[in-house]
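# Architecture at a glance
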Amino acid sequence: MTAMNAPTTNQRSTARPIALVNARLIDPASGLDQLGGLLIVEDRIADLGRHIAAGSLRDAEVVDCGGRVLAPGIIDMMVSAGEPGLEHRETLATASRAAAAGGVTTIVCMPNTEPVIDDVALVDFILRRARDTALVNVHPMAAMTKGLLGQEMTEIGLLRDAGAIAFGNGKTSVANARVMRNVLAYAKDFGALIVHHLEDPSLGQDGVMNEGEVATRLGLRGVPTAAETIMLERDIRLVELTGGRYHAAQISCRTSLDIIRTAKLMGLPVTCGVSINHLTLNENDIGPYRTFFKMKPPLRSEDDRRAMVEGVASGDIDVIVSAHDPRGAEGKRRPFAEAADGAVGLETLLGAALRLYHNGEVELPRLLRALTANPARLLKLNSGRLAKGAPADLVLIELDTPWIIEPERLCSKSKNTPFDGARLEGRAVLTLVAGRPVYNYAD
Amino acid sequence: MSIAAEASNFSFPHRHLLGIEGLSPAEITGLLDLSEEATKLSRQIDKKRDDLRGRTLINLFFEASTRTQSSFELAGKRLGADVMNMSVSNSSVQKGETLIDTAVTLNAMRPNLLVVRHHAAGAVQLLSQKVDCSVINAGDGSHEHPTQALLDALTIRRHKGHIEGLVVAICGDILHSRVARSNILLLNALGARVRVVAPSTLLASGIERLGVEVYTSMWEGLVDADIVMMLRLQRERMASSLVPGQREYFHFFGLDYEKLARAKPDALVMHPGPMNRGVEIDSNVADDPQSVVREQVEMGVAVRMAVLQALARHLPNQ
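Residues numbered from 1 in each chain as written. Chains lettered and ligands numbered in written order. Predicted model: local features only at pLDDT ≥ 70, side-chain atom pairs only at ≥ 80, totals over all residues. Heavy atoms only, no water.

### A few points about the overall build of chain B
What chain B contains, in helices and strands, is 13 helices and nine strands. Radius of gyration (C-alpha) of chain B: 19 Å, near the 20 Å computed for a compact globule of 318 residues. For the C-alpha atoms alone, the extent of chain B along its principal axes is close to 55 × 45 × 35 Å. Across the 318 residues that make up chain B, the buried fraction comes to 58%. Long-range contacts, defined here as pairs at least 24 residues apart, represent 74% of the contacts in chain B between residues at least 6 apart. In the structure as shown, chain B presents an accessible area of about 12,700 Å², 50% of it carried by carbon and sulfur atoms. When the 34 positive and 36 negative side-chain charges of chain B are each reduced to one mean point, those points stand 4 Å apart. (Helix = DSSP H or I, 4+ residues; strand = E, 2+ residues; numbered from the N terminus. Rg over C-alpha atoms; globule rule 2.2 N^0.38 Å. Buried < 20%, exposed > 50% of the residue type's maximum accessible area, 1.4 Å probe, protein only. Contact = heavy atoms within 4.5 Å. Areas by Shrake-Rupley, 256 points an atom, 1.4 Å probe, with all protein chains shown as cover. Lys, Arg positive; Asp, Glu negative; His and termini not counted. Charge placed at Lys NZ, Arg CZ, Asp CG, Glu CD.)

### A word on the packing of helix α3 (residues 67-78) of chain B against helix α13 (residues 293-312) of chain B
Residues and elements named next belong to chain B. At a minimum axis distance of 8 Å, the contact between α3 and α13 shows a crossing angle of 50°. The orientation of α3 relative to α13 falls into the category oblique. Viewed along their axes, α3 and α13 form a crossing whose handedness is right-handed. Contacts between α3 and α13 involve Arg-67, Thr-68, Ser-71, Phe-72, Leu-74, Ala-75, Gly-76 and Arg-78 from the first element and Val-297, Gly-300, Val-301, Arg-304, Met-305 and Leu-308 from the second. Here the contact of α3 with α13 is composed, by residue class, of seven nonpolar, four polar and three charged. (Axes fitted to C-alpha atoms, helices over the stretch in contact; angles between N-to-C directions. Parallel < 35°, antiparallel > 145°, perpendicular 65-115°, else oblique. Left-handed = near helix turned anticlockwise from the far one by under 90°. Nonpolar A, V, L, I, M, F, W, Y, C, P; charged D, E, K, R; others polar.)

### Here's the deal with the packing of aromatic side chains
The tally for this structure, following the rule as stated, stands at four aromatic pairs over all chains. Ring centres of Tyr-186 of chain A and Phe-190 of chain A lie 5.1 Å apart, and the angle between their planes is 45°; on these two criteria the pair is classed as tilted. An identical accessibility class is assigned to Tyr-186 of chain A and Phe-190 of chain A; each is buried. Arranged with centres 4.7 Å apart and planes meeting at 75°, the rings of Phe-190 of chain A and Phe-252 of chain B form a pair that is edge-to-face. Taken together, the residues span two chains, with Phe-190 of chain A in the loop between α4 (177-189) and β10 (193-196) and Phe-252 of chain B in helix α10 (residues 246-253). Both residues of the pair, Phe-190 of chain A and Phe-252 of chain B, belong to the buried class. Linked through ring pairs, Tyr-186 and Phe-190 of chain A together with Trp-219 and Phe-252 of chain B together constitute an aromatic cluster. Seen from the ring of Phe-336 of chain A, Lys-294 of chain A lies directly overhead, with NZ or CZ sitting 5.8 Å from the centre. In this structure, Lys-259 of chain B packs its charged tip against the face of Phe-250 of chain B, placed 5.8 Å from the ring centre. (Phe/Tyr/Trp six-rings, centres within 6.5 Å; stacked < 30°, edge-to-face > 60°. Lys NZ or Arg CZ within 6 Å of the ring centre and 35° of its normal.)

### Observations regarding the confidence of the model for chain A
Predicted coordinates in areas of low pLDDT are best not read in detail. With 97% of its residues at a pLDDT of 70 or more, chain A shows a mean pLDDT of 94. A low-confidence stretch, residues 1-12 of chain A stays under pLDDT 50, and its non-local contacts, those more than four residues away or across chains, total 20 contacts. (pLDDT = per-residue confidence, 0-100.)

### Topic: the interface of chain B and chain A
A common way to express how large an interface is: the accessible area buried when the components associate. Each side of the interface is counted separately: chain B has 16 residues, and chain A has 20 residues. Buried area between chain B and chain A, summed over both chains or domains, comes out near 1,400 Å², and the portion from carbon and sulfur atoms is 51%. Taken as a group, Ser-241, Pro-244 and Glu-248 of chain B account for 38% of the area that chain B buries against chain A, more than any other trio of residues on that side. Remark: the boundary between chain B and chain A carries two salt bridges. Across the pair Glu-155 of chain A and Arg-247 of chain B runs a salt bridge whose closest N-O atoms are separated by 2.5 Å. Elements that contribute at least two residues to the side of chain B that touches chain A include exactly α9 (236-239) and α10 of chain B. In terms of residue count, α10 of chain B provides more of the side of chain B that touches chain A than any other element does, four residues in total. Within the side of chain B that touches chain A, the residues separate by chemical class into eight nonpolar, six polar and two charged. (Buried area = accessible area lost by both parts, 1.4 Å probe. Salt bridge = Lys/Arg side-chain N within 4 Å of Asp/Glu carboxyl O.)

### Quick look at the packing of helix α6 (residues 146-160) of chain B against α13 of chain B
Residue and element names in this part refer to chain B. At a minimum axis separation of 8 Å, α6 and α13 run at an interaxial angle of 115°. With respect to the hand of their crossing, α6 and α13 are arranged in right-handed fashion. Listed contacts from α13 to Thr-147, Gln-148, Leu-150, Leu-151, Asp-152, Leu-154, Thr-155, Arg-158 and His-159 of α6 are Glu-295, Gln-296, Met-299, Gly-300, Ala-302, Val-303, Arg-304 and Val-307. Split into classes, the residues belonging to the contact of α6 with α13 amount to seven nonpolar, six polar and four charged.

### Quick look at the side chain of Asp-189 of chain A
As for its placement among the helices and strands, Asp-189 of chain A is situated in helix α4. In this structure Asp-189 of chain A is buried but unpaired, with Lys-188 of chain A as the nearest side chain of opposite charge at 5.6 Å. Within polar-contact distance, the side chain of Asp-189 of chain A engages the side chain of Ser-200 of chain B at 2.5 Å. Not counting residues within four places of it along the chain, the set of residues in contact with Asp-189 of chain A comprises Ala-198, Pro-199, Ser-200 and Thr-216 of chain B. (Polar contact = N/O pair within 3.5 Å; in protein donor to acceptor, adjacent residues only side chain to side chain.)

### Overview of the sheet that holds strand β1 (residues 56-61) of chain B
All names here are of chain B. Ordered in space as β2-β1-β3-β4, the four strands form an open sheet in which the pairing is parallel. In this open sheet, the two strands that pair with only one neighbour each are β2 (82-87) and β4 (134-140). Between one strand axis and the next, the sheet turns through 15° on average, direction left out of account. (Pairing = 2+ DSSP bridges.)

### Here we look at α4 of chain A
With 13 residues, α4 of chain A ought to run about 18 Å at 1.5 Å a step, and its terminal C-alpha atoms sit 19 Å apart, in line with that. Residues of α4 of chain A that are buried include every one of Val-179, Met-180, Asn-182, Val-183, Leu-184, Ala-185, Tyr-186, Ala-187 and Asp-189 of chain A, and no others. Those residues of α4 of chain A that are buried lie in contact with α3 (156-162), β10, α7 (226-242) and β13 (245-248) of chain A together with α10 of chain B. (Expected span 1.5 Å × (residues − 1).)

### Concerning the environment of Phe-61 of chain B
All names here are of chain B. Counting through the fold element by element, Phe-61 comes out in strand β1. With 56 residues separating them in the primary sequence, Phe-61 and Arg-117 have C-alpha atoms 4.8 Å apart. Sequence-distant contacts of Phe-61, that is, excluding residues within four places in its chain, are made with Thr-68, Gln-69, Met-86, Ser-87, Val-88, Val-115, Arg-117 and Ala-138.

What follows is the structure in structure tokens.
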């Protein structure tokens, strides 16, 4: 391909303007989908449109995109980045390299670290580490209860002021409804977004995969979808009571989608996400106890997966996340019931999502909206769109490139991908953060 | 001469003082006028009157109290009553039957005035139905604390000359505060514009229906306020996950000079006490000339004298 060579970092402040020309510009925020070019000055988008073409800009460095899709960089709302305390699985540096390779320009890192990100000093730590080591934008999500124990709420106001972009409870639900009510009510005063994992702890206690025939055949204990839907229903009643801004971190089944639709029809400030795994895989993929397919929430039935795809297509599901959760052999090379949950996903997110486009299930702008403009809106970020003045966080997408996932070639420190050996079609070929190339497939 | 006689045309046709609710603006104003007289008396060297001579006043406190109990005691003694203090410890609690049994027992001792504080809303009213004497509510749960509202109003009126039209911001733990409820009722009755300022977790549901403007930001709620009334935040509220902690609470809801600057330059700072310095109020603000916290305590004695006086006129067994 003809993409530019990545300049080294110290050239950045004096860099010439960059003109990305002959691109299919897709801006999911505005609905723009047309051929044209985009001009980057410093770290911002200075201009875009048909008039940005080779030869029209004398002093700019011109990159011919060859008609490929130029879109806002992906914003991934659910990334476990390993810091602090889990650096053997991942670091902000390795996670950000994986992100860049996947066309992801902004990651939200989860608070379920060691120690838990429930204090101003830890938010500050993440931001400083990210500034010093990460290639992409990093925003910490802070814990909404101290130690993620679900009992006392954290200093939501001070954490927000320190830079926490949202508040979650890791991979656990706050079981105590009174605490959840207080968190939603309190967060509302600060305009803070509450991102909740959905699994009733008592119903989900012993389960290791979706409850049903497959679990029964494998002799594994199941997690019923009711563990998710009961918690979601409860939360929505509490949103109704408090008016707090609420985002279901990931839903996994058809009933949850129905609940979300109803809540949205009621006009409640409710949104939801789905992981790329639950859009592209189902419980049958577990096959002979393959632990890389052990997730939380568990992979569900094919009907549930189809419902998730429909939800993205209809817009009822707002956000697609990678649910990137690096795990080493110590967590995964175990009997299924004892193995760790989670899968890496930053590098495969876009390629796997494009399956939905190639299958004709989701229109490309709609798919990209769930990866860019929608998370930006929820997180109140200025990025996630192609617009004058917006940060030049961009991804150039080759829609038809076939590639095979080879775990050993992943940038992530952990290789637990459920797409091991999978054939994907389409990927990021150039990723820019603040106008600076951070990934180039040609290299 | 009785101090009541000095406040002319004042009629107070109530047997008990159970709350501000049910008092007319004229009755409230009358009590405040009477309190002014009591203030003068309390500033004399000889503070003793004989209005309540031969009468028995029992302070029945089911909840610990320093200033309310001692100011009722002083008020009673200055008016010549025999005062007895009964503190009932929280450990010997106290179902409905027990409370009524206590009331019946005390009633048999034939007191004339019973001052009651109880941790349960409505308990004082329940007790008042079982005794023959006058009952004064010295605080029942999160319901009412009428003498606190009266002393706050008296303090305000002495500084501002009037209550009507003043902007009063009541800040802090509205949810659990009987002081807030009594003040909202009284200040609204006298025509003030009342605001409440608190995080949503400390706002009582439906509070806006009580005729207040609701704010969840101190920086907004204090704008152009004439009166900034702070409420005590009990530490239990943090453990029960209503607020995250002392540091955050002070940052966003504690009264410091930065937030106070949003109020009018001559705004009064008030607090019913006891204060948590560094939690709901900056220590320097608490001691600032704008703060009238100590004067509130003085007015507490005066208001309680006035209330005892007003009720004494209708005492049974006259």
